[in-house]
Amino acid sequence: MPQYNSVTPEILAELEKVVPGRVAVGADVNPDYARDEMPIYGTRMPEAAVDVLTTEEVAGIMKVCYEHNVPVTTRGAGTGLVGGCTPIHGGVVLCTMRMNKILNYDLENFAVTVQPGVLLQQLADDALTHGCMYPPDPGEKMATLGGNVATNAGGMRAVKYGCTRDYVKAMTVVLPTGEVAHFGATVSKTSSGYSLTNLLCGSEGTLGIITELTLKLIPAPKATISLMVPFEDLDACTSTVPKITREGFKPQALEFFEKEILVSSEEYLGKQTFPKQIDGTEIGAYLLITFDGDSQDELDALVERAAEFLLEQGALDVLVADTAPKMKDVWAARSSFLEGIEEQTKLLDECDVVVPVNQISAYVRFVADTKQNYDFEVKYFGHAGDGNLHIYTCSNTMEEAEFRKQVDAFMSDIYQKTMELGGQISGEHGIGMGKAKYLKEALGETSIRLMKGIKQVFDPKMILNPGKVCDIQ
Ligand SMILES: Cc1cc2nc3c(=O)[nH]c(=O)nc-3n(C[C@H](O)[C@H](O)[C@H](O)COP(=O)(O)OP(=O)(O)OC[C@H]3O[C@@H](n4cnc5c(N)ncnc54)[C@H](O)[C@@H]3O)c2cc1C
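Residues numbered from 1 in each chain as written. Predicted model: local features only at pLDDT ≥ 70, side-chain atom pairs only at ≥ 80, totals over all residues. Heavy atoms only, no water.

Caption draft 1: Empty space enclosed by the protein, seen in detail. By the definition in use, this model includes 1 cavity of 30 Å³ or more. In this structure, the largest cavity occupies an estimated 30 Å³ of space. Around the largest cavity, the lining residues are Y363, V364, V367, Y380, L389 and I391. Of all the elements in the fold, those that place two or more residues in the lining of the largest cavity are α12 (360-370) and β20 (388-395). With 3 residues, the single largest contributor to the lining of the largest cavity is α12. Looking at the lining of the largest cavity residue by residue, the class counts come to 6 nonpolar, no polar and no charged. (1 Å grid on protein atoms, 1.4 Å probe; cavity = no way out; pocket = protein on both sides within 12 Å on 5 of 7 lines; lining within 4 Å. Points joined across faces, edges and corners; volume = space filled by probe spheres on them. Helix = DSSP H or I, 4+ residues; strand = E, 2+ residues; numbered from the N terminus. Nonpolar A, V, L, I, M, F, W, Y, C, P; charged D, E, K, R; others polar.)

Caption draft 2: Layout of the site of the ligand. Neighbouring residues of the ligand: 37 residues in total, closest T74, G76, T79, G139 and T144. Within the backbone of G76, an N or O atom sits 2.7 Å from an oxygen atom of the ligand. A distance of 2.9 Å is found between a nitrogen atom of the ligand and a side-chain nitrogen or oxygen belonging to E428. Protein contacts shield 97% of the accessible area of the ligand, which totals 980 Å² for the unbound molecule. When contributions to the shell around the ligand are tallied by element, the ones reaching two or more residues are β3 (72-75), α4 (145-151), β10 (209-216) and α11 (337-344). When residues in the shell around the ligand are grouped by element, the largest group, 5 residues, is from α4. (Near = heavy atom within 4 Å. Polar contact = N/O pair within 3.5 Å; in protein donor to acceptor, adjacent residues only side chain to side chain. Areas by Shrake-Rupley, 256 points an atom, 1.4 Å probe, with all protein chains shown as cover.)

Caption draft 3: Representation of the pattern of salt bridges. Inspection of every chain in the model, using the stated rule, returns 16 salt bridges. Taking the shortest distance from any N to any O, the salt bridge between D292 and K160 comes out at 2.6 Å. Of this pair, D292 sits in strand β16 (residues 285-293) while K160 sits in helix α5 (residues 158-161), placing them 132 residues apart in sequence. Among the residues examined, D292 registers a relative accessible area of 6% and is labelled buried. Residue classification places K160 among the partly exposed positions, given a relative accessible area of 32%. Of the charged contacts, one joins K417 and E420 as a salt bridge, the two residues approaching to 3.8 Å between their closest N and O atoms. A residue pair is termed a helical-turn pair when its members lie 3 or 4 positions apart in one helix, as K417 and E420 do in helix α13 (residues 400-420) at 3 residues. (Salt bridge = Lys/Arg side-chain N within 4 Å of Asp/Glu carboxyl O. Buried < 20%, exposed > 50% of the residue type's maximum accessible area, 1.4 Å probe, protein only.)

Encoded structure:
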């Protein structure tokens, strides 16, 4: 275990020289910097926080911290769900939120260059004004693009377009030593050695600090339509998922959720959007599907074919959201699941396993059976089209220590099943510190040894985001 130094007044003076007026200590540090969206994995205030504006400043901060052996944790918007940006060893939090400029569009090559603190929503909106779409669409639109790349965020459109990693062409990275490196290029393909760009995607701030990104865009689709598809029960709903893609439909998004979770979200929003009964039959679960295409006519024909197919699979109805306000409402209900759960729950944990798409139904049945052994409630929903499930354990009545003990046992059960079915323990949220111990169990000694070796090459003093991902005993 490396020994770190505290942030002394002398070190603070050196940091202050690099970012004058942007070093905070004590009560001036934003209390949010002690945590991300999952405080159950632990919280700790940093000794100092710095706001950075340029690559050179980031390099300057890292040189000071490297020399004095002070740990540094990079933070974007802090919307992560695995304790990734929590400074568990204290030290310095380096916040990228003010590096928030879209620098340049290269429309001939369908690329855009941004600073890492640009928010997802900011780029999504801006790209549309250039006739382009930035396809990655994770649920939290106020996350930074640096955070999205560092976690390889997925989201709703991954089923058709892939995850954040698939849209990263090049990046500028400050290494823990303060050295500045450039990985990748604005090209359509490359076989030029190990892909360091790919390695940084999903590295969760443990290998380097991303200070500039060149991202791929695509032409914006001309039309989109969403379908709300209610089923009587969850099994009928989830077993339809692999059939949709097998049938040749290529949805832009394909989400599933139970009625209870929808009800919490609609209560949180104060707006009822989805039906709860069809012709006297209680709805148990829903698919929410979006299709996109080059014309409304093309989509109308596709939707007609899809509706017929879904009804054959046991859907109770197929309701179309074909105007901008209707689509906004249905997706607002879907996007507020976490807020809805948070508002109604005292103790909360979650996981985001991913299994092969044809195993979703079996996996959901396993989770439903397993939860009977525990005292907390379990709620789930997911990016069904790519097999990525978000499973929440919730309690308003249990003691925290007992909740944690039971959740740990439950997570071990369901992660073991995930691996048995050929899945992985995180589809998109990452490992951070919340899931580090399960990663070791899931991947085994060889993979963890290789990951530790990579970490050592990038970060010989282990000062960058220590205690995360593979940095476990
Ligand atoms: C309501 C809600 C819905 C969500 N939905 C989704 C979803 O659908 N899909 C999904 O994938 N995630 C989702 N998330 C999780 C979260 O939004 C993502 O993990 C996001 O990518 C985190 O970005 P951030 O800017 O908040 O990063 P932070 O939480 O600040 O940091 C996350 C990690 O990235 C590192 N990091 C941040 N910036 C940099 C940088 N510039 N260089 C190097 N490392 C960096 C940090 O050290 C940390 O390890 C959701 C979260 C919420 C609250």
